[in-house]
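Secondary and tertiary structure notes
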Number of protein chains: 4
Amino acid sequence: MKSIGEIEKKSRSKGGHLFSEKLSIKNNTDFTSKYKAVRNISENICRPLKIEDYVVQPVVDVSPPKWHLGHTTWFFETFILKPYVNDYKEFNPDFNFVFNSYYESVGARVIRTDRGNLSRPTVEEVYHYRHYVDEAMESFLVQDITDDIKNILLLGLNHEQQHQELLYTDIKFILGHNPLFPAYNDKGIEDVQMQNNNEWISIDEGIYEIGFEGEGFCFDNELHRHKVYLQPYKISSRLVTNEEYLNFITTGGYEDFRYWHSEGWEWVKSNGIKSPLYWHLINDNWEVFTLKGLQNLDPKQPVTHINYYEATAFAAWKGMRLPTEAEWEVAASKFRWGKRWEWTDSAYLPYPGFTKAEGAIGEYNGKFMVNQWVLRGASVATSEGHSRTSYRNFFQTNLQWQFTGIRLAQ
Amino acid sequence: MKSIGEIEKKSRSKGGHLFSEKLSIKNNTDFTSKYKAVRNISENICRPLKIEDYVVQPVVDVSPPKWHLGHTTWFFETFILKPYVNDYKEFNPDFNFVFNSYYESVGARVIRTDRGNLSRPTVEEVYHYRHYVDEAMESFLVQDITDDIKNILLLGLNHEQQHQELLYTDIKFILGHNPLFPAYNDKGIEDVQMQNNNEWISIDEGIYEIGFEGEGFCFDNELHRHKVYLQPYKISSRLVTNEEYLNFITTGGYEDFRYWHSEGWEWVKSNGIKSPLYWHLINDNWEVFTLKGLQNLDPKQPVTHINYYEATAFAAWKGMRLPTEAEWEVAASKFRWGKRWEWTDSAYLPYPGFTKAEGAIGEYNGKFMVNQWVLRGASVATSEGHSRTSYRNFFQTNLQWQFTGIRLAQ
Amino acid sequence: MKSIGEIEKKSRSKGGHLFSEKLSIKNNTDFTSKYKAVRNISENICRPLKIEDYVVQPVVDVSPPKWHLGHTTWFFETFILKPYVNDYKEFNPDFNFVFNSYYESVGARVIRTDRGNLSRPTVEEVYHYRHYVDEAMESFLVQDITDDIKNILLLGLNHEQQHQELLYTDIKFILGHNPLFPAYNDKGIEDVQMQNNNEWISIDEGIYEIGFEGEGFCFDNELHRHKVYLQPYKISSRLVTNEEYLNFITTGGYEDFRYWHSEGWEWVKSNGIKSPLYWHLINDNWEVFTLKGLQNLDPKQPVTHINYYEATAFAAWKGMRLPTEAEWEVAASKFRWGKRWEWTDSAYLPYPGFTKAEGAIGEYNGKFMVNQWVLRGASVATSEGHSRTSYRNFFQTNLQWQFTGIRLAQ
Amino acid sequence: MKSIGEIEKKSRSKGGHLFSEKLSIKNNTDFTSKYKAVRNISENICRPLKIEDYVVQPVVDVSPPKWHLGHTTWFFETFILKPYVNDYKEFNPDFNFVFNSYYESVGARVIRTDRGNLSRPTVEEVYHYRHYVDEAMESFLVQDITDDIKNILLLGLNHEQQHQELLYTDIKFILGHNPLFPAYNDKGIEDVQMQNNNEWISIDEGIYEIGFEGEGFCFDNELHRHKVYLQPYKISSRLVTNEEYLNFITTGGYEDFRYWHSEGWEWVKSNGIKSPLYWHLINDNWEVFTLKGLQNLDPKQPVTHINYYEATAFAAWKGMRLPTEAEWEVAASKFRWGKRWEWTDSAYLPYPGFTKAEGAIGEYNGKFMVNQWVLRGASVATSEGHSRTSYRNFFQTNLQWQFTGIRLAQ
């Protein structure tokens, strides 16, 4: 999810098969309908919001929804319309500054502000911007486009899907940190029941292959497919439940330094952490803020919104561990991915043979490959069709606001 | 302006003539029309805003406009309607938490947030709240009310007027720190021309009296009127202009530590300050953000948005000084107050004989009387009739966002 | 005490009678013996120290003792020997950087460090430096010296006396924040018994004069003597005792926001303050760290090491207040100053008629006259003969490490 | 090096073969002479220091030398003498607090301080402490000791060796951040010439084994030996030189974001980094602070004191990368380790099959295995015989003060 910067830079690619050898979308008609579908989803996600909800940024990791809507639009304007459409008239030159995710080129007259301090452009103006760009894109897609542009287009759509997940998680954070605890809607989007019984799937020692292969889009961090040697291991068939995690809490998991990384223990103590994000003990009853508002804790749902420190502390308390990303990927066909991003015990690092593309494309490769940890699978907030077995999500180890969960290994 | 806390506590007073012996408003009809007039002004100030402008809080000193609208309403609900109207039904108990300016009594279930992180209640809900409370207040004011309640009511109206000034300064900050530099309106509210010639008004040595006297409302920090002994001094008939201040800048005033307090010099260096707030050097031309947008610097207008460090550095560069608050007050009848709050060289301290009222009222007296400096006069943003010669405004010495200016003395 | 910067700059004065019209020391012999006596006291203060004690700086306000020894020496080298002794050979040019109290002129090769990070020069080298400079000074003082130089010399000696007080307070801080609580010596330097009975001294309303007058040295902040108008007041004949202050603590003074300035209450809460500096509740017994080590709290000694917030909170709890500096000075002949610096309710501001000397001298005048509060009297750590009735000491309102105390007024 | 905490906990082990099956030291005589030898080296390292050098802590990662001397002694007292010698009399119970590297059990009367704020115990007392404990240890080692105790003893000796390296790096930091740039001694301890020609060692694709095997001591993070699958790669026969790194600097390496991790670029910009630690551009000449003082930059020496961000930025600039720790270990027999700790591109993670010992021992396992990166090899400051091919050193990615270097791979 933090790979947005990486993505944007790549889109400047001028030639070559960046992400996969063969594009799964073959013709312009497909592209137009795919484009419309993806763009529409972003607006649908925002439909239940009040205008005020689009504006705020309670913490630095959470962007205002209107920023997501503008930024994803800016991507198409900047990397397709402006370079490839001759007579394209930029919607508003100042938007480049407002919706660029980087601020390297800030001019002397511009005052730096945080995203959540921007009351303008208004939500209405952002929607105007979207529709203006959409119209130009749809006119453009009627024509024949090169493979290069197809690549950028695919990238833009995957980019927008990543922001769709962030829209959900950021909206949840904004509403869930409001003292009135307003609901987003009443659909119970997050609800997933775990089966009662956990099974242990055994994998033999040996050489396996991981990484993307096949047709279709992938990110470069999934490349290239390569061999790994795995020791024998067992991996759980389902995610850890709230009930199991509550047991960790009630037996003193947050008060016992033995289960925690040194850095995690510092985090617990200096922030006074006693439970996952969004859990509230109200009159001796555990309630959880969800997108449909405050709910009683459901013991059968997977524990969610825990960070890497919490995931590993829980595993240590159980006398187990998290799987590595290779272990996860090798076993992934044997279990149903739960609807949570699953923390692995793997740092986010380049795959062997990870090579840099020529030119500007490759300049930013791997820029996030330090001090972040890999998550695998997908969450209830992930757009349909966006993830896959080889997909590598990554976040800092202290972050909780994504829909994260725990799968154990031993 | 920071005396709001002080004010609120005082309003719990149960008896006695807190602020002045005789109320200038004698009957309920007067109160009702005064109440309506004051309340209406707050809403008028916000009329040019977009909904998004009501929500943001770019820095801690700047509150979101919707918070001001809610907080001033909460004041009347909390200190008049709830204690004195038997069958009053609170609009929303959660609003007590949202709009209370203190957070001492935060319950276990409430997550602390900054005001600018609150998308809810919406602007529409806040207006509902205002009108609900206004209706109840107007019904209440038909009846006979005690002097105690009159006192609280007067206090509430003066409190709201203080927030009206903050609405202007906070809106200016919000718009002036947006990279699109949107205008508030096109009225040129801030425009004031200074006369060309400055005259020096001489005051003789001797005993003078300062402090509030007469009928009508005053704050307790203006009491009691008392004698002071002044040395002979001269005070300027007008405020320092942009032209004069620009001269300070171009001759290196912000680079020469000799003019600055040690603490002010630290502030200049660590923040890279080179000009007053809202000044922008664009293509070698000084522009200033005002409520009607970016404007060319007008040399004849009074320099504005400077803090105490800047005011004293400018005075030192001129070989002069700021007046004390006693010097200002004694001479005030001899000049026209400029339309800026004028920094004095007086710390905000209790007047001799400053006494505490009995009971809860007096508990908070003087709680802001440390490390703040006095400003006298009034600004373009001050509500009509709100200030007076004995009025003592006060802020921390580093703050710039009020409409502040400089009057010299020697 | 923080006026050192001010002092040093002033010493560059080239002519005129900076501090007083007539020097009380008339001839060189007097100067030499006065010089030797003052310089000797600094070394005597350090005699009980271990080498390690000379080096550390537990907080930014506390300088390592070896720094004080070097800095006071650097003063004489920089402002007398280097400008006035033709063939003087600087001890070590790098010491200018190490012992200058300002760092404006740091060259490119020098790494910024805090004073407590400097293991070199060693203590032995610092003493060599002192003796080298003392020898040069004593040779110089055999000759006739101008009034200008006499002025600087007097200033240097008063400067060193100020650092002698800081040596005591900084040594106490260093030892008192060591978990072994080592004693400085066994002399009970701090012990002062307060008389049992407090008397209230009444002063009539009227015009009084304050400020320095007479022969001898004074700092410019004591000038000029001027008239003030005082309301009638009463001032206590003795300082508040530990017993009285303990009563404030045990009745909940540190838990009740009503007694505190808003800023003081923030300080109490965010630092978890429950008692004055150096007080420790050990096994339900109050012990106090003093220069002779941990001692049982002596109820009859004056409460010490409280900051302005604590002093005013205590006064508010008593229903009283602190005197202003004018009230203190006018009444000072009627009580024995206690052996603690006494917080007043006066901000540190220029006296009326405070004028700047010409040239470099005046450049720094008043640079500390913002956000500091005045203390009057003297403490057990003040060098004999250093203070006087008109002396104005000043510190930030949050600082506790000086030997401060409370005298009440009403 | 940061594994000290881990180490200490392990030493509480009561039974079993913690670190290796067979101890290479078979009898008590060997142990006594080994003990004496190791302990003696620590004191030898400190011999050139002035007392003042033992005391300071310029940054949090750098401990005062006297703390290292005390802490390593406390280890033997706490984990051998106190549990296993019946009549052992603790040297000073307060030292447990001063020299414990953890502060979990701080009692109510103890004030928390940083290590560099402690002037006491004095250096002399710390040496008394060392000799007192050494005497007791040597008496104890005359007797037969169990394998458990042997294990702890071995651990204590390896622990002390780790602190010997820290003594060097911390002393260098203390002296190198002093504006007088004092030399430690004149031996040129750091001097290592790199051969001119770099060769590329090629390793074939396939399955390899890494991890400790054989007799003798190892840390648990080197266990267990296990298979890894490596892609074909080339690794450099020597470290990157100052000359090569200088080329990176002069061609703008520190100004070009393309070479840096996003997090590394933040570090460069917010700290204004332009060269490795200890490099100073003085009059257009590069000088480097070494243990023998400031020296001209020697182009043939290995670049040193760079952090992981710098190592990877340099590699990116060369179009190469760092080796993984497995690649390093597999190839290590084919090159001479340079005298610098070599950054790898591997996060510090548990090896497959990493198991926790029973009881208290295992409680802390892996507590540092997050957000740290692995370094391999050894440095000029590493005690002889301390490292080995399977040794895993680890530090945070921003730290520069160890003797770190760069070996390239591709």
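Fair warning: this is a prediction, and the values are worked out from it, not measured in the lab.

From N to C terminus, chain A includes ten helices and eleven strands. Here chain A holds 410 residues, and the buried ones make up 64% of them. Excluding contacts between residues fewer than 6 apart, the proportion of contacts in chain A whose partners are at least 24 apart in sequence is 79%.

With 36 residues of chain C at the interface, the matching set in chain B holds 36 residues. Of the roughly 2900 Å² buried at the junction of chain C and chain B (both faces included), carbon and sulfur atoms supply 57%. One can count zero salt bridges joining chain C with chain B. There are nine residue pairs in polar contact (both at pLDDT 80 or more) connecting chain C and chain B. Contributing elements (two or more residues each) for the side of chain C that touches chain B: β3 (226–230), α8 (262–271), α9 (308–317) and β8 (341–347) of chain C. Split by residue class, the side of chain C that touches chain B holds 18 nonpolar, eight polar and ten charged.

Residues and elements named next belong to chain A. Enumeration over the complete set of coordinates arrives at 84 salt bridges over all chains. Note that E327 is salt-bridged to R321, the shortest N-O span being 2.9 Å. A residue is classified by how much of its surface remains accessible, and E327, at 8% relative accessible area, is buried. Between R376 and E325 there is a salt bridge whose closest N-O contact spans 2.8 Å. A residue pair is termed long-range when its members are at least 10 positions apart, and R376 in strand β9 (residues 373–377) and E325 in helix α10 (residues 325–331) qualify at 51 residues. In this pair, the class of R376 matches that of E325, namely buried.

The next point concerns the sheet that holds strand β11 (residues 404–405) of chain D. All names here are of chain D. Here four strands make up an open sheet; going across it, the order is β10-β9-β8-β11 and the pairing mixed. Edge positions in the sheet fall to β10 (393–395) and β11, since each of these pairs with one other strand and no more. Relative to strand β9 (residues 373–377), strand β8 (residues 341–347) runs antiparallel, the two being bridged by four bridges. Bridging from a neighbouring strand, A347 pairs with W373 of β9.

This part is about the interface of chain A and chain B. Facing 36 residues of chain A, the contacting portion of chain B comprises 36 residues. With both chains or domains summed, chain A and chain B bury close to 3200 Å², and 64% of this area falls on carbon and sulfur atoms. Close ionic contact of R120 of chain A with D53 of chain B constitutes a salt bridge, the shortest N to O distance being 2.6 Å. Between the two partners, chain A and chain B, sit eight residue pairs in polar contact (both at pLDDT 80 or more). Those elements that place two or more of their residues in the side of chain A that touches chain B are α4 (93–99), α5 (123–140), α6 (147–176) and β5 (279–282) of chain A. Looking at the side of chain A that touches chain B residue by residue, the class counts come to 19 nonpolar, ten polar and seven charged.

Below, the discussion takes up the packing of aromatic side chains. Residues and elements named next belong to chain A. Under the counting rule described, the total for this entry stands at 156 aromatic pairs over all chains. With a centroid separation of 5.4 Å and an interplanar angle of 45°, the aromatic rings of Y254 and W260 are classed as tilted. Note on accessibility: Y254 and W260 belong to one class, buried. Of the aromatic side chains, those joined through ring pairs into one cluster are Y245, F248, Y254, Y259, W260, W279, W286, F314 and W317.

All names here are of chain B. If you check which residues of helix α8 (residues 262–271) are buried, you get G264, W265, W267 and V268. In a view along the axis of α8, the buried residues occupy a sector of 155°, so they form one face of it. Looking at the packing, one finds that the buried side of α8 touches α9 (308–317). Among the residues trailing α8, G272 stands out with phi positive, at a value near 60°.

Okay, the relation of the copies chain C and chain B next. Mapping chain C onto chain B is achieved by rotating through 180° and translating by 0.1 Å along the same axis, at an RMSD of 0.1 Å. Between the two chains, the operation in question is that of a two-fold axis.

The subject of this paragraph is the relation of the copies chain A and chain B. Mapping between the two chain copies consists of a rotation about an axis together with a translation along that axis. Between the two copies, chain A and chain B, the superposition gives an RMSD of 0.0 Å; the rotation angle is 180° and the shift along the axis is 0.0 Å. Take the interface residues of chain A: 100% of them recur as interface residues in chain B, which is what a same-surface contact looks like.

Residue and element names in this part refer to chain A. Counting through the fold element by element, Y84 comes out in helix α3 (residues 65–84). Taking the relative accessible area as the measure of exposure, Y84 reaches 27% and is therefore partly exposed. Each C-alpha atom of the pair Y84 and G405 lies 42 Å from the other, and the pair is 321 residues apart in sequence.

What follows is about the sheet that holds strand β8 (residues 341–347) of chain B. Residue and element names in this part refer to chain B. With mixed pairing, the four strands of this open sheet are ordered in space as β10-β9-β8-β11. Each having just a single partner strand, β10 (393–395) and β11 (404–405) make up the two edges of the open sheet. In terms of strand pairing, β8 meets β11 through two bridges, oriented parallel. Within β11, the position partnered with E342 by the bridge is G405.

All names here are of chain D. Axis separation between helix α3 (residues 65–84) and helix α5 (residues 123–140) bottoms out at 9 Å; the angle between their running directions is 35°. Handedness of the crossing formed by α3 with α5: left-handed. Across the interface between the two elements, K66, L69, G70, T72, T73, W74, F76, E77, I80, L81 and Y84 from α3 touch V123, V126, Y127, Y129, R130, V133, A136, M137 and F140 from α5. When grouped by side-chain class, the residues that make up the contact of α3 with α5 number 14 nonpolar, three polar and three charged.

Below, the discussion takes up the environment of F354 of chain B. Along the chain, F354 of chain B falls in the loop between β8 and α11 (360–363). For the pair F354 of chain B and L223 of chain B, spaced 131 residues apart in the sequence, the C-alpha separation amounts to 6.4 Å.

Residues and elements named next belong to chain C. Of all the five residues making up β3, four are buried; the element is thus mostly covered by neighbouring parts of the structure. Relative to β3, strand β2 (residues 206–210) runs antiparallel, the two sharing five bridges. Of the residues in β3, the one forming a bridge with G206 is L230.

A separate point is the pairing of β9 of chain D. Residue and element names in this part refer to chain D. Among the five residues that make up β9, five are buried, leaving the element largely enclosed by the rest of the structure. Bridging between β9 and β10 involves three bridges; their strand directions are antiparallel. The residue of β10 that forms the bridge with W373 is F395.

All names here are of chain C. With respect to the helices and strands, the residue V142 is situated in the loop between α5 (123–140) and α6 (147–176). Given a relative accessible area of 68%, V142 falls into the exposed group. V142 sits 102 residues away from N40 along the chain, and the two C-alpha atoms are 19 Å apart.

Turning next to unusual backbone geometry. In this structure, the amide linkage connecting R120 of chain C to the following residue, P121 of chain C, adopts the cis form with an omega of -5°. Within the secondary structure, P121 of chain C is located in the loop between α4 (93–99) and α5. Here the amide bond leading from L223 of chain C into H224 of chain C is cis, since omega sits at -10°, within 30 degrees of zero. Tracing the chain through its elements places H224 of chain C in the loop between β2 and β3. Positive phi is not limited to glycine here, since N371 of chain B has a value of about 60°. Tracing the chain through its elements places N371 of chain B in the loop between α11 and β9 (373–377). Of note in this structure, N283 of chain D is not a glycine but carries a positive phi near 50°. By the element assignment, N283 of chain D lies in the loop between β5 (279–282) and β6 (285–290).

Moving on, we come to the confidence of the model for chain A. All names here are of chain A. Model confidence for chain A is summarised by a mean pLDDT of 88, while 88% of its residues fall at 70 or above. Note on residues 1–24: pLDDT under 50 across the span, and 89 contacts to partners over four residues away in sequence or across chains. Scored below 50 in pLDDT, residues 103–112 makes 18 contacts in the model with residues more than four places away or belonging to other chains.

This paragraph deals with the side chain of H68 of chain C. The topology assignment puts H68 of chain C in helix α3 (residues 65–84). Ignoring any residue separated from it by four or fewer positions in sequence, one finds H68 of chain C in contact with S63, H163, L166, L167 and D170 of chain C.

Definitions and cut-offs
For every chain, the first residue of the written sequence is number 1, and numbering continues from 1 along that sequence. Starting at A for chains and at 1 for ligands, labels are handed out in the order in which the entities are written. The model is predicted, so local features are restricted to residues of pLDDT at least 70 and side-chain atom pairs to those at 80 or more, both for listing and for counting; the totals for chains, interfaces and linings are taken over all residues. To obtain the side-chain values, all non-hydrogen atoms of the structure were used and water was disregarded. Secondary structure counts use DSSP, requiring at least four H or I residues in a row for a helix and at least two E residues in a row for a strand, with both numbered from the N terminus. Relative accessibility decides the category of a residue: with a 1.4 Å probe and only protein chains considered, values under 20% of the type maximum give buried, values over 50% give exposed, and everything between is partly exposed. Should any heavy atoms of two residues lie within 4.5 Å, those residues are counted as being in contact. Two parts placed together each lose some accessible area; with a 1.4 Å probe, that loss summed over both constitutes the buried area. Salt bridges are defined by distance alone: a side-chain nitrogen of Lys or Arg within 4 Å of a carboxyl oxygen of Asp or Glu. Within 3.5 Å is the distance limit for a polar contact, defined as a pair of N or O atoms, with the added protein rule that one can donate a hydrogen and the other accept it, and that residues adjacent in sequence qualify only through two side-chain atoms. Under the grouping applied here, Gly and all other residues not named as nonpolar or charged are polar, the nonpolar ones being Ala, Val, Leu, Ile, Met, Phe, Trp, Tyr, Cys and Pro and the charged ones Asp, Glu, Lys and Arg. Strands qualify as paired when DSSP identifies two bridges or more between them. In this scheme Phe, Tyr and Trp rings, the latter by its six-membered ring, pair at centre separations within 6.5 Å, and the angle between planes marks the pair as stacked below 30 degrees, edge-to-face above 60, and tilted otherwise. The arc refers to the directions leading from the helix axis to the C-beta atoms. The copies are overlaid by a least-squares fit using only the C-alpha atoms of residues whose pLDDT is at least 70 in both copies. All axes are obtained by fitting lines to C-alpha atoms, using only the stretch in contact for helices, and the reported angles, taken between N-to-C directions, cover 0 to 180 degrees. Crossing chirality is assigned from the near helix's rotation relative to the far helix, an anticlockwise turn below a right angle marking it left-handed and a clockwise turn marking it right-handed. Confidence scores per residue from the predictor, reported as pLDDT, run from 0 to 100.

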